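Observations on the model geometry
Residue strings, one per chain:
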Amino acid sequence: MNNNSHPIGVFDSGVGGLTVAKELRKLLNQEKIIYFGDTARVPYGNKSRETIIKFALESVLFLLKQNVKLVLIACNTSSSIALPVIRQYFRIPIIGVVNPAVRESVYATRNRRIGVIGTRATISSKIYEQEIRRLDSTIKVFAQSCPLFVPLVEEGWWDGEVVEGIVRSYLLPLKENKIDTLILACTHYPLLKKVIGKVMGENVVLIDSAREAAIEVKKILGEENLLCLEKRRGEKLVCFVTDKSESFKKIGEKFLGDKIKEIYEIKE
Ligand code: DGL
C-alpha cells in the first residue's frame, strides 16, 4: 500500500508544538499536517511520568485514526519521558525532538560543555545527559529547568527588560559553567531565542529542537519512501484540540506565523 499522500501527525501538550509545525512546513511544504494539541490537559511539564506516558499513548492512538504515516512528538516533555516507552508499540515511525537536537549539539560543541533548558519533567528525566554521553562520554552537560518561560511566551512576553531579567537569572549558572552550546528543549523556547542569545552571548550556539526535528522527519520520510510526491489541494494544516479556547487560535497563529484555518475540538 502506498502511504505517501497520508498526513504527518504532530502532537503536543497544547499550542507550543506549532513552533515545530512551522519548521515542518518550511522544509516539507507539500505535506499535510494533522496537529493534535491536548489543550484541556496542558501543561505536561509538571505532571508525573505515568500521566505523561498515558497522555502520549492516547495522542498517538488519535493520530493513527487520522491515518498518519509518521508521528512527530513535538512536545519535549513527552519526547523525553514517553517516547522511549511507547515507541515499541507502533509500526509507523515515531520521532521525538530529543535525539535530533542531541546529535546537533554534540556536533556543534567545541569545548565539550553543553547546556540544556526545558520544563521540570524534561530536565528531571535526565534524558539529554544520557543521550549526549552515549554519543560522547567526555562531554559535560549542565541542565536547568525554566518553569516561567512557558507562561511568559504564552502571554506574548517575548522580549523586554522583565523577560531579559528572568532569562538572565535562569541562565546565569549555565553561563558560569562556560557552556558553548545550549539546547532549547521546549516547544516554547524558540520564541525567546533573541533574548536567550543576547543573555548567553554570540559565542554560545543555540540548538533549536523544533528545527532539528523537522530535518529528521524529512530524512526519515525520504529513507522510508514516504515523501508526498503529488501536489495537494485543500488546507494543509488541520488542528485538533481537546479544549477549543480562543487562545489556541490567537497564540497559535503567533507561534506559526500564519493563519490557522481549521481547528476542531475533540471530545473523549
Ligand atoms: N510542550 C511542552 C514541552 O515542550 C511545554 C508546555 C508544557 O509544560 O506542557 O515540554
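Attention in this report is confined to the structure presented alongside it. (Residues numbered from 1 in each chain as written. Predicted model: local features only at pLDDT ≥ 70, side-chain atom pairs only at ≥ 80, totals over all residues. Heavy atoms only, no water.)

**Some details on the side chain of Lys-69**
We apply this condition: Each helix corresponds to a stretch of at least 4 residues labelled H or I by DSSP, and each strand to a stretch of at least 2 residues labelled E; elements are numbered beginning at the N terminus. The term polar contact refers here to a pair of N or O atoms within 3.5 Å; inside protein, the definition further demands a hydrogen-donor-capable atom paired with an acceptor-capable atom, and it admits residues adjacent in sequence only when both atoms are side-chain atoms. Throughout, a contact is declared for two residues whenever any of their heavy atoms are within 4.5 Å.
The topology assignment puts Lys-69 in the loop between helix H2 (49-65) and strand E3 (70-73). Within polar-contact distance, the side chain of Lys-69 engages the backbone oxygen of Asn-4 at 2.6 Å. Residues in contact with Lys-69, not counting those within four places in the same chain, are Asn-3, Asn-4, His-6, Pro-7, Ile-8, Glu-31, Ile-92, Pro-93, Leu-221, Leu-226, Leu-227 and Cys-228.

**Description of helix H5 (residues 98-108)**
An α-helical turn contains 3.6 residues, so a residue and the one three or four places further along point in the same direction. So the rule is basically this: The rule is simple: take the accessible area with a 1.4 Å probe, protein chains only, and divide by the maximum for that residue type; under 20% is buried, over 50% is exposed, in between is partly exposed.
Burial in H5 covers these residues: Val-98, Pro-100, Ala-101, Val-102, Ser-105, Val-106 and Ala-108. The inward-facing, buried residues of H5 abut helix H3 (76-81), strand E5 (113-118), helix H7 (127-135), strand E7 (181-185), strand E8 (205-208) and helix H11 (209-223).

**Some remarks on the pairing of E5**
Going by this rule: Should DSSP find at least two bridges between two strands, the strands are taken to pair.
Among the 6 residues that make up E5, 5 are buried, leaving the element largely enclosed by the rest of the structure. Where E5 meets strand E6 (residues 140-145), 6 bridges bridge the pair, whose relative direction is parallel. The residue bridging Arg-113 from the neighbouring strand is Lys-140, located in E6. When E5 meets E7, the two strands line up parallel, connected through 5 bridges. Note on E7: the bridge partner recorded for Val-116 is Ile-183.

**Things to note about the sheet that holds E3**
Taken in spatial order, the 6 strands make up an open sheet running E4-E3-E1-E2-E9-E10, and their pairing is parallel. The outermost strands of the open sheet, each flanked by one partner alone, are strand E4 (94-95) and strand E10 (262-265). Across 5 bridges, strand E2 (residues 33-37) lies against strand E9 (residues 237-241) in parallel orientation. By the bridge assignment for E9, Tyr-35 is matched with Cys-239.

**A look at empty space enclosed by the protein**
Defined as follows: Detection works on a 1 Å grid of protein atoms alone, calling trapped sets that fit a 1.4 Å probe cavities and calling open sets with protein on both sides within 12 Å along at least five of seven lines pockets, with lining residues defined by an atom within 4 Å of a point. Grid points are joined across faces, edges and corners, and a volume is the space filled by probe spheres set on the points.
This structure, assessed with the given rule, holds 1 cavity of 30 Å³ or more. There is about 40 Å³ of room inside the largest cavity. Every residue along the wall of the largest cavity is listed here: Thr-19, Val-20, Ala-74, Asn-76, Val-97, Leu-184, Cys-186, Thr-187, Pro-190, Asp-208, Ser-209 and Ala-210.

**Observations regarding the packing of aromatic side chains**
As a reminder, the rule being used: When the centres of two rings from Phe, Tyr and Trp lie within 6.5 Å, Trp using its six-membered ring, the rings pair. Their planes under 30 degrees apart give stacked, over 60 give edge-to-face, and anything left gives tilted.
This structure, assessed with the given rule, holds 8 aromatic pairs. Pairing Phe-36 with Phe-62 gives two aromatic rings, centres 5.1 Å apart and planes at 35°, and the pair type is tilted. With Phe-36 in strand E2 and Phe-62 in helix H2, the pair connects residues that are 26 residues apart, well separated along the chain. Classification of Phe-62 as buried rests on a relative accessible area of 12%.

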